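This is what each chain is made of:
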Amino acid sequence: MSRILLFTGKGGVGKTTIAATTALCAAERGYKTVVISTDAAHSLGDSLDHQLGPEPLQVSPNLWAQESNILYNIEKYWGTVKQWLAALMAWRGVDDIVAEEIAVLPGMEELANLLWVYHYEQKREYDVIVIDCAPTAESLRLLTFPEVAKWWLNKMLPVGRKLLPVAYPIVHRFTDMPLPNEEIFTSIDELFKELDGLRALLTNPQITSIRLVLNPEKMVIREAQRTYTYLNLYGYPTDAVICNRIIPQSADGKYWQEWKDAQTEHLQFIEECFSPLPILKVPLMEREAVGMKMLEEMGRLMYKEDPTRILFEGKPISIDHDNGNYVLSMNLPFITKGDVSLLRSGDELIVRIGNQKHSILLPQVLLEYQVKGAKLEDSLLRIRFEKGADNVGG
């Protein structure tokens, strides 16, 4: 099995550089590695200082890189369906060129990007697959798309297939509208197998790890909190947080001191938000991290051990139904039993256990529910949410 590492975060935090650095570190350890950018605004080639294309290009020993292209990907993986959609739009009077451009269903881009991962794994082409994801919102869509698409296809495909033999001769008496044929249904049907395999890959913590990249800044941390919560809910394993661009203590002067003081406060908050995940700290480099030499230097600072190893195992947060209510469970290893206090502020829940504090950004499903109470059992904190209950604070 390949090792799959996905890097995501708010735009501008440096996730492309972190992904490229990780891929280079893996390649230097002898792993045959590919790094793929799924961000429409590609910067992977700039980071590696290489001109990249939609197919993998070798950029150094053991390292290949590619920047996915929506039109190329769709043609490669779903060309038959796209041709039918283009024909349908042209029949409706849309200009041929325009029809070609817009004949892409919502989500097809995400699916086509992910299919690279699935096919590389099936062919055992690489030991390590590193994904430089699009900014956070798009990444969440990308990761959830296999499940959503499979649901949609399960609902629509059997109906369309059953109606086709009956509808085809009737419709063609009155119109020359292009209808999907068996080849198109077969093409879509092939995706069932791939979507099942892809979902299994992305949710297997022994194969896949997601690493959140952030900067020690309030807005960035908050978005990372939300992403972390939803990744847990979707069942995608997160094994580390990478805090990028930390101002080194050697930076002196009043200007830098104010920045360092602010970052110290934010770093403490990051520990509270993401514990027990390991926090990898990367300093602000003296110059732009572009090219192999700078990426190598950054890699030495970021990883003290093999970058492909699993840095954390377990599901830190889960939410379960319980008789019409919800129970949020937090995995808190090394925490001893003590007084638990909960403070709800809008969509944020602050949990205190002894001298430890944890901050959770609640998902949308819990916002209408109130905290009823909490219980700590064998390092598992179970927080009960009930509708209409009095909110617990403390």
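What counts and how
Residues numbered from 1 in each chain as written. Predicted model: local features only at pLDDT ≥ 70, side-chain atom pairs only at ≥ 80, totals over all residues. Heavy atoms only, no water. Helix = DSSP H or I, 4+ residues; strand = E, 2+ residues; numbered from the N terminus. Buried < 20%, exposed > 50% of the residue type's maximum accessible area, 1.4 Å probe, protein only. Contact = heavy atoms within 4.5 Å. Areas by Shrake-Rupley, 256 points an atom, 1.4 Å probe, with all protein chains shown as cover. Salt bridge = Lys/Arg side-chain N within 4 Å of Asp/Glu carboxyl O. Polar contact = N/O pair within 3.5 Å; in protein donor to acceptor, adjacent residues only side chain to side chain. Pairing = 2+ DSSP bridges. Axes fitted to C-alpha atoms, helices over the stretch in contact; angles between N-to-C directions. Parallel < 35°, antiparallel > 145°, perpendicular 65-115°, else oblique.

Caption draft 1: Region of interest: the overall build of the chain. Along the chain, the regular secondary structure elements total 10 helices and 15 strands. Every one of the 394 residues in the chain was classed for burial, and the buried ones make up 50%. Of the contacts formed within the chain by residues at least 6 apart in sequence, a portion of 71% connects residues at least 24 apart. Of the roughly 19,300 Å² of accessible surface on the chain, 52% is carried by carbon and sulfur atoms.

Caption draft 2: Region of interest: the pattern of salt bridges. Tallied over the entire structure, the rule returns 12 salt bridges. When the shortest N-O distance is used, the salt bridge between Arg 211 and Asp 239 registers 2.9 Å. Taken together, the residues span a long stretch of sequence, with Arg 211 in strand E6 (residues 208-214) and Asp 239 in strand E7 (residues 238-246) at a distance of 28 residues. Residue Arg 211 shares its accessibility class with Asp 239, and that shared class is buried. Close ionic contact of Glu 386 with Arg 384 constitutes a salt bridge, the shortest N to O distance being 2.7 Å. You can call Glu 386 buried: its relative accessible area is 19%.

Caption draft 3: Focus on the side chain of Asn 215. Within the secondary structure layout, Asn 215 lies in the loop between E6 and helix H8 (218-234). Among the residues examined, Asn 215 registers a relative accessible area of 5% and is labelled buried. A polar contact of 3.1 Å, which involves the side chain of Asn 215, links it to the backbone oxygen of Asn 244. Contacts of Asn 215, omitting those with residues within four sequence positions, involve Gly 12, Val 13, Val 220, Ile 221, Cys 243, Asn 244 and Arg 245.

Caption draft 4: Fine view of the sheet that holds strand E4 (residues 63-67). Pairing is mixed in the open sheet, where 8 strands are placed in the order E3-E4-E2-E5-E1-E6-E7-E8. Each having just a single partner strand, strand E3 (57-60) and strand E8 (279-283) make up the two edges of the open sheet. Neighbouring strand axes in the sheet, compared pairwise and without regard to direction, differ in orientation by 25° on average. By the bridge criterion, 4 bridges tie E7 to E8 in an arrangement that is parallel. Residue pairing for E8: Val 241 is matched across the bridge by Ile 279. Its contacts with the sheet place helix H10 (residues 292-302) against E3, E7 and E8, and it is angled at close to 135° to E8.

Caption draft 5: Layout of the sheet that holds strand E11 (residues 340-345). If you trace the 3 strands from one edge of the open sheet to the other, you get E11-E12-E13, paired in antiparallel fashion. Each of the sheet's edge strands pairs with one partner strand only, and the pair in question is E11 and strand E13 (356-361). The average undirected angle you get between the axes of adjacent strands in this sheet is 15°. With 6 bridges joining them, E11 and strand E12 (residues 348-353) adopt antiparallel strand pairing. Its bridge partner being in E12, Ser 345 is matched across the sheet by Glu 348. The strands that H8 touches are E12 and E13; relative to E13, the one it contacts most, it runs at about 80°. Against the sheet, helix H9 (residues 254-274) contacts E12 and E13, and its axis sits at roughly 75° relative to E13.

Caption draft 6: Molecular detail of unusual backbone geometry. With an omega of 15°, the peptide bond between Ser 275 and Pro 276 qualifies as cis. With respect to the secondary-structure elements, Pro 276 resides in the loop between H9 and E8. Its identity is not glycine, yet Arg 245 carries a phi of approximately 65°, on the positive side. Tracing the chain through its elements places Arg 245 in strand E7. Of note in the backbone geometry, Asn 323 takes a positive phi value of approximately 55° without being a glycine. Locating Asn 323 in the fold gives a position in the loop between strand E9 (317-322) and strand E10 (325-331).

Caption draft 7: The packing of helix H1 (residues 15-28) against H10, seen in detail. In the contact formed by H1 and H10, the axes pass within 9 Å of each other and the chain directions differ by 85°. With respect to their mutual orientation, H1 and H10 come out roughly perpendicular. Between H1 and H10, the residues in contact are Thr 17, Ile 18, Ala 20, Thr 21, Thr 22, Leu 24, Cys 25 and Glu 28 and Met 292, Leu 295, Glu 296, Met 298, Gly 299 and Met 302, respectively.

Caption draft 8: Main features of the pairing of E3. In the sheet, E3 pairs with E4 via 3 bridges, with the strands oriented antiparallel. If you follow Gln 58 over to E4, its bridge partner there is Trp 64. Following E3, the chain reverses through 2 residues before pairing antiparallel with E4; Asn 62 in that reversal takes a positive phi of roughly 70°.

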